[in-house]
Amino acid sequence: MNKDNAYDWDAEFSKIYCEFSEFKKQIIECLIKSNTELKRQLDDIKQRIDDIEQRIDDIKQRNQKMKKIIYSDILIFLFGIAVTITIANKKLK
């Protein structure tokens, strides 16, 4: 009778171990898929960050160009005022 009980236990243990092995395999596959999906999401986030940084750089460059244009316009305007004042002073004398 003990032999039968031991054999039954071995069979039951083997069955449980096979089920556990299959479950473990499924968990590992799920983790691999999850890691792959997480990596893809991280890559997407990195790409979006790179795009935003590029847009910021573009805006900075445009701002520099606009500053140069504004400074040039101001200098031309001031030069025009200086010339006008100089001409007006010569005519008043």
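Source: prediction; values computed, not measured.

> Before we go on, may I ask you to explain the overall build of the chain in this structure?
Each helix and strand in the chain was counted, giving 1 helix and 0 strands. Relative to the 2.2 N^0.38 estimate, which gives 12 Å for 93 residues, the radius of gyration of the chain is 40 Å and therefore markedly larger than a compact globule would have. Each principal axis of the C-alpha distribution contributes one length, and for the chain these read about 135 × 15 × 5 Å. Of all 93 residues assigned to the chain, the portion counted as buried reaches 0%. Total accessible area computed for the chain in this model is approximately 9300 Å², and 63% of it derives from carbon and sulfur atoms. For the chain, the distance from the average site of its 18 positive side-chain charges to the average site of its 16 negative ones is 22 Å.

> Hey, could you run me through the environment of Arg62 in this one?
Along the chain, Arg62 falls in helix H1 (residues 2–92). Looking at Arg62, the relative accessible area reads 52%, which means it is exposed. Between the C-alpha atom of Arg62 and that of Thr86, which follows or precedes it by 24 residues, the distance is 36 Å.

> Where do I start with the pattern of salt bridges in this structure?
A pair can form between side chains of opposite charge whenever their charged atoms are brought close. In the structure shown here, the tally under the stated rule is 3 salt bridges. As a salt-bridge pair, Arg40 and Glu37 come within 2.6 Å of each other at their nearest N and O atoms. Here Glu37 and Arg40 lie together in helix H1, a separation of 3 residues that amounts to about one turn. The exposure class assigned to Glu37 is partly exposed, which follows from its relative accessible area of 33%.

> In this structure, what is going on with a negative patch on the surface? I would like to understand it.
Taken together, the side chains of Asp8, Asp10, Glu12 and Glu19 present a region of like negative charge at the surface. Assignment of secondary structure puts Asp8 in helix H1. Relative accessible area serves as the criterion here: at 46%, Asp8 is assigned to the partly exposed category.

> Help me understand the environment of Ile49, please; the structure alone is not making it clear to me.
Topologically, Ile49 is positioned in helix H1. Spatially, the C-alpha atoms of Ile49 and Phe79 are 45 Å apart, while their sequence positions differ by 30 residues.

> What is the right way to look at a nonpolar patch on the surface in this model?
Judged by side-chain polarity, Met66, Ile69, Ile70, Tyr71, Ile74, Leu75, Phe77, Leu78, Ile81 and Ile85 come together as a nonpolar surface patch covering roughly 1000 Å² of accessible area. Along the chain, the position of Tyr71 falls in helix H1.

Rules and cut-offs
Residues numbered from 1 in each chain as written. Predicted model: local features only at pLDDT ≥ 70, side-chain atom pairs only at ≥ 80, totals over all residues. Heavy atoms only, no water. Helix = DSSP H or I, 4+ residues; strand = E, 2+ residues; numbered from the N terminus. Rg over C-alpha atoms; globule rule 2.2 N^0.38 Å. Buried < 20%, exposed > 50% of the residue type's maximum accessible area, 1.4 Å probe, protein only. Areas by Shrake-Rupley, 256 points an atom, 1.4 Å probe, with all protein chains shown as cover. Lys, Arg positive; Asp, Glu negative; His and termini not counted. Charge placed at Lys NZ, Arg CZ, Asp CG, Glu CD. Salt bridge = Lys/Arg side-chain N within 4 Å of Asp/Glu carboxyl O. Patch = residues over 30% accessible without salt bridge, like charges linked within 9 Å, V, L, I, M, F, W, Y side chains within 5 Å.

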